[in-house]
Amino acid sequence: MFASLNSWQNLVFTRSSSILLRKECTLLSMMEGSLSREVAVQDAETGQMKTYSVGSDVLAQQFALRAPVLFNGCRSGEIFSIDLRQRSRRDHRASCFHQESAITSVRILQDENYLLAADMLGQIKLWDVRVTKPVQWYKGHHNEHAYLPIHVNEPEGLLLAVGQDCYTRLWSLKDGHLLRTIPSPHPTAKDLIPSVVFSSQLGGRRGLPGLLMAVKHDVYYFPYNTDYQEGGQQQADY
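Bear in mind the structure is a predicted one, so any value in this text is a computation, not a measurement.

**Remarks on the pattern of salt bridges**
Line of reasoning, step 1. All told, the structure shown has five salt bridges when counted by the stated rule.
Line of reasoning, step 2. Glu100 is paired through a salt bridge with Lys125; the nearest N and O atoms lie 3.3 Å apart. Within this pair, whereas Glu100 is found in the loop between β8 (93-98) and β9 (103-108), its partner Lys125 is found in strand β11 (residues 124-128), the two being separated by 25 residues in sequence.
Line of reasoning, step 3. The partner of Asp165 in a salt bridge is Arg169, with the nearest N and O atoms 2.7 Å apart.

**Some details on the environment of Gln61**
Line of reasoning, step 1. The topology assignment puts Gln61 in strand β5 (residues 58-63).
Line of reasoning, step 2. Here Gln61 falls in the buried class, since its relative accessible area comes to 6%.
Line of reasoning, step 3. Separated by twelve residues in the primary sequence, Gln61 and Gly73 have C-alpha atoms spaced 6.2 Å apart.
Line of reasoning, step 4. Polar side-chain contacts of Gln61 include one of 2.8 Å to the side chain of Asn72.

**Details of the pairing of strand β4 (residues 49-53)**
In summary, the side chains of a regular strand alternate between the two faces of the sheet.
Line of reasoning, step 1. Across five bridges, the pairing between strand β3 (residues 38-43) and β4 is antiparallel. Among the inter-strand pairings, Ala40 is bridged to a residue of β4, identified as Thr51.
Line of reasoning, step 2. Hairpin geometry of β3 and β4 is characterised by an intervening segment of five residues between the two adjacent antiparallel strands and by a positive phi of about 80 degrees at Gly47.

**Brief notes about the environment of Glu38**
Line of reasoning, step 1. Positionally, Glu38 belongs in strand β3.
Line of reasoning, step 2. Judged by its relative accessible area of 27%, Glu38 is partly exposed.
Line of reasoning, step 3. In sequence terms Glu38 and Val54 are 16 residues apart; their C-alpha atoms lie 5.6 Å from each other.

**Some points on unusual backbone geometry**
Line of reasoning, step 1. For Cys166, which is not glycine, the phi dihedral falls at a positive 70 degrees.
Line of reasoning, step 2. Residue placement: Cys166 occurs in the loop between β14 (158-162) and β15 (168-172).
Line of reasoning, step 3. In this structure, Lys216 takes a positive phi of about 55 degrees despite not being glycine.
Line of reasoning, step 4. Of note, Lys216 is situated in the loop between β18 (210-215) and β19 (218-223).

**Topic: the nonpolar core**
Line of reasoning, step 1. Counting 14 residues, the largest nonpolar core has Phe71, Ile79, Val106, Leu115 and Ala117 as its most contacted members.
Line of reasoning, step 2. Every element with two or more residues in this core is listed here: β6 (69-74), β9 and β10 (114-119).
Line of reasoning, step 3. A total of three residues in this core trace back to one element, the largest contributor, which is β9.
Line of reasoning, step 4. In contact with Leu115, not counting residues within four places along its chain, are Phe71, Ile79, Phe97, Val106, Arg107, Ile108, Lys125, Leu126, Trp127 and Val129.
Line of reasoning, step 5. With 13 residues, the next largest nonpolar core counts Leu160, Leu211, Val215 and Tyr220 among its residues.

**A few points about the sheet that holds β14**
Line of reasoning, step 1. Here four strands make up an open sheet; going across it, the order is β13-β14-β15-β16 and the pairing antiparallel. The open sheet terminates on both sides in strands that have one partner only, identified here as β13 (150-153) and β16 (178-182). Taken pair by pair, the neighbouring strands of this sheet meet at an average axis angle of 20 degrees, ignoring direction.

**A few points about the sheet that holds strand β12 (residues 133-138)**
Line of reasoning, step 1. Within the open sheet, the four strands sit side by side as β9-β10-β11-β12. Their pairing is antiparallel. At either end of the open sheet lies a strand with only one pairing partner, and these are β9 and β12. Neighbour-to-neighbour, the strand axes of this sheet turn through a mean angle of 25 degrees, independent of strand direction.
Line of reasoning, step 2. Taken together, the five bridges between β10 and β11 define a ladder with antiparallel strand orientation.

**Considering the state of the cysteines**
Line of reasoning, step 1. What the rule picks out here adds up to zero disulfides.
Line of reasoning, step 2. Cys96 provides the cysteine sulfur closest to Cys74, a residue in no disulfide bond, and the two sulfurs are 8.1 Å apart.
Line of reasoning, step 3. Judged by its relative accessible area of 0%, Cys74 falls in the buried class.

**Some words on the side chain of Gln164**
Line of reasoning, step 1. With respect to the helices and strands, Gln164 occurs in the loop between β14 and β15.
Line of reasoning, step 2. The class of Gln164 is buried, set by a relative accessible area of 13%.
Line of reasoning, step 3. A polar contact is formed between the side chain of Gln164 and the backbone nitrogen of Glu144, at a distance of 2.5 Å.
Line of reasoning, step 4. Engagement of the side chain of Gln164 in a polar contact is seen with the side chain of His145, the distance being 3.2 Å.
Line of reasoning, step 5. Apart from residues lying up to four places away in sequence, Gln164 is in contact with His142, Asn143, Glu144, His145, Ala146, Leu148, Thr188 and Ile193.

Basis of the calculations
- Residue positions are given per chain, counting from 1 as you read along its sequence in written order.
- Residues qualify for local features only when their pLDDT is at least 70, as the model is predicted, and side-chain atom pairs are given and counted only at 80 or more; totals for whole chains, interfaces and linings, by contrast, use all residues.
- Only hydrogens and water are set aside; all other atoms, that is, all heavy atoms of the structure, feed into the side-chain values.
- When a carboxyl oxygen of Asp or Glu is within 4 Å of a side-chain nitrogen of Lys or Arg, the pair counts as a salt bridge.
- Numbering of helices and strands runs from the N terminus; a helix is a DSSP stretch of H or I covering at least four residues, while a strand is a stretch of E covering at least two.
- Whether a residue is buried, partly exposed or exposed follows from its accessible area with a 1.4 Å probe, protein chains only, as a fraction of its type maximum: under 20%, in between, or over 50%, in that order.
- Here a polar contact means two N or O atoms within 3.5 Å. Within protein one must be a hydrogen donor candidate and the other an acceptor candidate, and residues neighboring in sequence count only if both atoms are side-chain atoms.
- We call two strands paired when DSSP finds no fewer than two bridges between them.
- What is meant by a nonpolar core is a set of buried Ala, Val, Leu, Ile, Met, Phe, Trp, Tyr and Cys residues, joined one to another through side-chain atoms within 4.5 Å.
- Between two residues, a contact is recorded if the distance between any of their heavy atoms is within 4.5 Å.
- Helix axes are fitted only over the stretch in contact, all axes being lines through C-alpha atoms; the angle between N-to-C directions runs from 0 to 180 degrees.
- Cysteine sulfur pairs qualify as disulfides if the two atoms are within 2.5 Å.

Okay, structure coming up:
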């Protein structure tokens with residue numbers, strides 16, 4: 001089974017149940033693994049591996065793009081980064097901050113001083129990594145115990161997340177204002193949480209902004225500039 005796609009140059013890293021590979025290779029995420037409370041980073045070219053002990057299971061990860069820094073979100077609510085240029089593994093945390101519940105998703109913005117994190121209390125916060133303080137909150141997300149991703153579209157200034165209530169919510173990335181709440185076209189159920197993807201150019205360079213939502217065997221298209229809650233969706237046949 002495959003999960004998120006994150007990597008940095010030619011490095012591979014694992015965390016209890018994940019293997020991520022960089023350098024034009026597929027990123028694998030396996031649901032079962034042998035590591036517990038450890039992060040292992042391997043150079044894909046040389047095979048050299050480093051392991052880092054952590055105090056809580058790591059549930060979410062993402063590499064920064066401009067520097068070899070790996071951000072980790074833990075079951076304890078801790079978020080910390082590892083600067084892979086540091087030789088010492090004893091004091092490996094480059095930055096560290098906390099939310100109140102288990103971290104389910106982390107996303108680094110293009111300005112890599114800022115990181116989004118979501119947890120199992122439904123909290124989504126934008127952190128300034130330099131001062132390790134939250135600078136924005138995104139209210140309304142519903143999560144109690146599920147591994148639910150968050151999605152960012154910076155060209156449109158949007159943050160998206162699907163909650164356990166099967167509602168898709170879109171917020172203004174800049175000010176945290178809730179812009180849209182989209183119910184699932186199917187009856188709400190724990191095993192029918194929609195999967196979504198947003199694109200500024202659906203269908204190619206001349207495409208328009210829109211949201212694709214997949215539920216069961218159906219795919220729905222929501223144009224970005226319509227009122228989604230009043231019949232804005234169109235079902236796509238596949």
